[in-house]
Amino acid sequence: MRPKRRAWKGWSLGGALLLALAGGACSTGRMPHAGSTAVPAPTPRPEVAARPLVDWPDAVLYFAIVDRFADGDLGNDQKVDRGAKGTFHGGDLAGLRAHLDEIADLGVTALWITPVVKNIDGFVTGAGFPDWAYHGYWADDFTRLDPRFGSEEDLKGLVADCHRRGIRVLLDVVYNHAGYGSHYLTDPRTKGWLRNEETGSCGQDDVTSCVAGLPDFRTELPEVADYLMTAHLSLAKRVGLDGFRLDTVKHVGHPFWDEHRRRSRLELGPGFFLLGEVWGGDAQSLEPWFASDEMDAGFDFGFQGSTLGWIQGRGRTVAFDHYLKSRERVHAGHFLAQFLSSHDVPGALYQLHGDKQLFRLAVVLQMTTVGIPTIYYGEEVARPGGDWPDNRSDMPWGDRAILPGEGQPRDEALRADYRRLIAIRAHHRALSRGVHQSLASDGDLLVFEQRDAASGDVVVVVVNRGAESAVARFAPPSEWAGKPARDAWGGAPVRADGGRLAVEIAPRAAAIVATD
Ligand SMILES: [Ca+2]
Ligand SMILES: [Ca+2]
């Protein structure tokens, strides 16, 4: 979770608490959502053909906010108000299980879900509206699941259902802080575990500050570290998780992450995957966490801005090409994860003012570079998103009777294009593991090659951000000798031009050229 410093401006835990604690009345007077007739039927469990799990370097990751995806159990809804942005909307693990094929059908191979441990029951108003813990980042008890999201059996079932579909599961976990007003602050056994603003004990640096006013765990204390790690790692073991997405990594010290890595491998095996959120991270700045092997992968926070900037005509093409090349200079054995949208930033389609043609160029670039493409739920069907908190709106389900996003429009053509791009990536190891080489970066035309030496797979990617048609000319890779090349993405004409190949590329269009 990105600390909402701007949103929380003026927030203070000193003096009058702006927090309605457990069971506290909702100051808006809103009533729980009345029962809907759209109660899902008991979830059928159709036979699913088992699909193999995919190695992490080739993974495509789908990120869902549990509360905003699908409500599979209206019985666990509490104070749900689907009309308000900061409230619970009712989504849960049962909903994810019931509609897992929506995700699996895209071809993704991994699922990241928001935290599901027990969160605080109240809300805060520092953002100017009642804001609840629907996102799961405001824990009140790390040792049990939040009934609003479901039970441990639900989580175990979700993991099993995902595995049958060839999908690994990463659970988002927070080690840095507890929720506002969490019981850890009042329980005499644990209140000494936290730095907090009420006692003025928050430090100034990344590790000891109280991010967005949240009580900060003294993770340097062995008792605290052991409690938190035991809670998360034992849950992972009980339900069969494949790894964690680690929240607020830079706000916890390196010795903690060293020990966490040691224990996660000891208790869950060497393959237990750790994807960390180091805010602002990229291939270079993640080095301190990768060099000491504290985690396997980290988010590349530069990808969204670099990509959206270039396709909108900002910056020189050669500079963007250099950026793409720089992404492979990540510490050996470690990976970047590239997103176009997230719960902490305005989404790509929103930033592009709804221009789906440009958005498709961004998705092509996301799916043709090394790293783990991370799809933020609903962007594949053109969920409009917006700035926070609109970037956390409900999964659109169109005319399907699925709450909370029933009736919200979906772009099925865009979703079909996501499926095709993911299939192209799955077919070409050069896209997930290859070495990037620039073939042309003049004007508005970007042409680069991805080559995977191990498999001999070579793909040439052509992207024209300009308003005029262009022709990309390049020498065909030797691996293509004797085989006709074609554009597997947009069907652009590919013709021989002397000893070279020429690809005619329309304005604001892309080609993914290969021989198979
Ligand atoms: Ca529910
Ligand atoms: Ca901290």
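1. Thoughts on the coordination of the calcium ion (ligand 1)
Link 1 in the chain: Surrounding the calcium ion (ligand 1) are the protein donor atoms Asp 71 (OD), Asp 73 (O), Asn 76 (OD1), Asp 77 (OD), Gly 90 (O) and Asp 92 (OD), at 2.3 to 2.6 Å.
Link 2 in the chain: Each donor residue of the calcium ion (ligand 1) lies on one chain, and together they are spaced D-x1-D-x2-N-D-x12-G-x1-D. Of this pair, Asp 77 sits in the loop between helix 1 (66-69) and helix 2 (93-98) while Asp 92 sits in the loop between helix 1 and helix 2, placing them 15 residues apart in sequence.

2. A short note on the sheet that holds strand 12 (residues 297-299)
Link 1 in the chain: On the basis of which strands lie adjacent, the closed barrel formed by 8 strands has the order 1-2-7-10-11-12-13-14 and parallel pairing. Strand-to-strand twist in this sheet, taken as the mean axis angle between neighbours without regard to direction, amounts to 25 degrees.
Link 2 in the chain: Alignment of strand 7 (residues 168-173) against strand 10 (residues 243-246), held across 4 bridges, turns out to be parallel. Considered in strand 10, the bridge of Asp 172 is made with Arg 245.

3. Remarks on the sheet that holds strand 22 (residues 509-514)
Link 1 in the chain: Spatially, 5 strands are ordered 15-16-17-22-19 in an open sheet, and the strand pairing comes out antiparallel. Two strands lie at the open edges of the sheet, namely strand 15 (435-440) and strand 19 (486-487), each paired on one side alone.
Link 2 in the chain: Across 2 bridges, strand 19 lies against strand 22 in antiparallel orientation. What sits directly across from Asp 487, in strand 22, is Val 513.

4. Focus: the nonpolar core
Link 1 in the chain: Ranked by internal contacts, the top residues of the largest apolar core, which has 138 residues, are Tyr 62, Phe 69, Ile 113, Tyr 175, Phe 244 and Leu 365.
Link 2 in the chain: Ranked by residue count, the leading element in this core is helix 6 (residues 222-239), at 9 residues.
Link 3 in the chain: In this structure, Tyr 175 is in contact with Phe 217, Thr 219, Leu 228, Met 229, His 232, Leu 233, Phe 244, Leu 246, Val 252, Phe 256, Trp 257 and His 260, ignoring residues within four places of it in sequence.
Link 4 in the chain: Val 447, Phe 474, Ala 511 and Val 513 belong to the second largest nonpolar core, which has 17 residues in total.

5. Describing the side chain of His 89
Link 1 in the chain: With respect to the helices, strands and loops of the structure, His 89 is situated in the loop between helix 1 and helix 2.
Link 2 in the chain: Engagement of the side chain of His 89 in a polar contact is seen with the side chain of Arg 68, the distance being 3.5 Å.
Link 3 in the chain: With residues near it in sequence (within four places) discarded, His 89 still touches Asp 67, Arg 68, Asp 71, Val 80, Asp 81, Arg 82, Ala 84, Asp 394 and Pro 404.

6. Some words on the packing of aromatic side chains
Link 1 in the chain: A full pass over the atoms with the stated rule returns 29 aromatic pairs.
Link 2 in the chain: Each ring, one from Trp 279 and one from Phe 301, has its centre 4.6 Å from the other, and the planes form 55 degrees; the classification is tilted. Here the residue Trp 279 occupies a position in the loop between strand 11 (273-276) and helix 8 (287-291), and Phe 301 occupies one in the loop between strand 12 and helix 9 (302-311), the gap between them amounting to 22 residues.
Link 3 in the chain: Residue Trp 279 is classed as partly exposed on the basis of its relative accessible area of 26%.
Link 4 in the chain: In this structure an aromatic cluster arises from ring pairing among Phe 63, Trp 112, Trp 279, Phe 299, Phe 301, Phe 339, Tyr 376 and Tyr 377.
Link 5 in the chain: For Arg 383, the ring lying beneath its charged end belongs to Tyr 376, and the centroid distance is 4.9 Å.
Link 6 in the chain: Above the ring of Tyr 377, the side-chain terminus of Arg 383 is found at 4.0 Å from the ring centroid.

7. Comments concerning the state of the cysteines
Disulfides are covalent bonds that link the sulfur atoms of two cysteine residues.
Link 1 in the chain: On inspection of all chains with the given rule, the structure shows 1 disulfide.
Link 2 in the chain: Between Cys 202 and Cys 210 runs a disulfide, and the two sulfur atoms are separated by 1.8 Å. Here Cys 202 and Cys 210 share a disulfide; its torsion about the S-S bond, -85 degrees, makes the bridge left-handed.
Link 3 in the chain: In this structure Cys 210 comes out as buried when scored by relative accessible area, which is 6%.

8. Overview of the confidence of the model for the protein chain
Close inspection of predicted coordinates is inappropriate in any region flagged by low pLDDT.
Link 1 in the chain: In the predicted model, the protein chain carries a mean pLDDT of 92, and 91% of its residues have values of at least 70.
Link 2 in the chain: Here residues 3-39 scores under 50 on pLDDT; set against residues more than four positions off or in separate chains, the count is 69 contacts.

9. A look at helix 13 (residues 412-427)
Link 1 in the chain: Here helix 13 contains 16 residues, and its C-alpha end-to-end distance of 23 Å stays within 8% of the 22 Å for a straight helix at 1.5 Å per residue.
Link 2 in the chain: Those residues of helix 13 lying buried are Leu 414, Arg 415, Asp 417, Tyr 418, Leu 421, Ile 422, Ile 424 and Arg 425.
Link 3 in the chain: Elements in contact with the buried residues of helix 13: helix 3 (100-104), strand 13 (335-339), helix 12 (356-367), strand 14 (372-376), helix 14 (429-433) and strand 22.
Link 4 in the chain: Residue Asp 411 occupies the N-cap position of helix 13, its side-chain oxygen lying 3.0 Å from the main-chain nitrogen of Ala 413.

10. Points about the pairing of strand 16 (residues 445-452)
Moving residue by residue along a regular strand, the side chains alternate between the two faces of the sheet.
Link 1 in the chain: Within strand 16, 7 of the 8 residues are buried, which leaves the element mostly enclosed by the surrounding structure.
Link 2 in the chain: In the sheet, strand 15 pairs with strand 16 via 5 bridges, with the strands oriented antiparallel. Looking at the pairing, Ala 440 lines up with Val 447 of strand 16.
Link 3 in the chain: Bridge count between strand 16 and strand 17 (residues 457-464): 8 bridges; the pairing is antiparallel. Bridge pairing links Glu 449 to Val 460 in strand 17.
Link 4 in the chain: In this structure, the hairpin formed by strand 16 and strand 17 is closed by a connection of 4 residues, where Gly 456 is found at a positive phi of approximately 75 degrees.

Calculation criteria
Residues numbered from 1 in each chain as written. Chains lettered and ligands numbered in written order. Predicted model: local features only at pLDDT ≥ 70, side-chain atom pairs only at ≥ 80, totals over all residues. Heavy atoms only, no water. Donors = N, O, S within 2.8 Å, 3.2 Å for Na, K, Ca; no water. Helix = DSSP H or I, 4+ residues; strand = E, 2+ residues; numbered from the N terminus. Pairing = 2+ DSSP bridges. Axes fitted to C-alpha atoms, helices over the stretch in contact; angles between N-to-C directions. Core = buried A, V, L, I, M, F, W, Y, C linked by side-chain atoms within 4.5 Å. Buried < 20%, exposed > 50% of the residue type's maximum accessible area, 1.4 Å probe, protein only. Contact = heavy atoms within 4.5 Å. Polar contact = N/O pair within 3.5 Å; in protein donor to acceptor, adjacent residues only side chain to side chain. Phe/Tyr/Trp six-rings, centres within 6.5 Å; stacked < 30°, edge-to-face > 60°. Lys NZ or Arg CZ within 6 Å of the ring centre and 35° of its normal. Disulfide = S-S within 2.5 Å. pLDDT = per-residue confidence, 0-100. Expected span 1.5 Å × (residues − 1).

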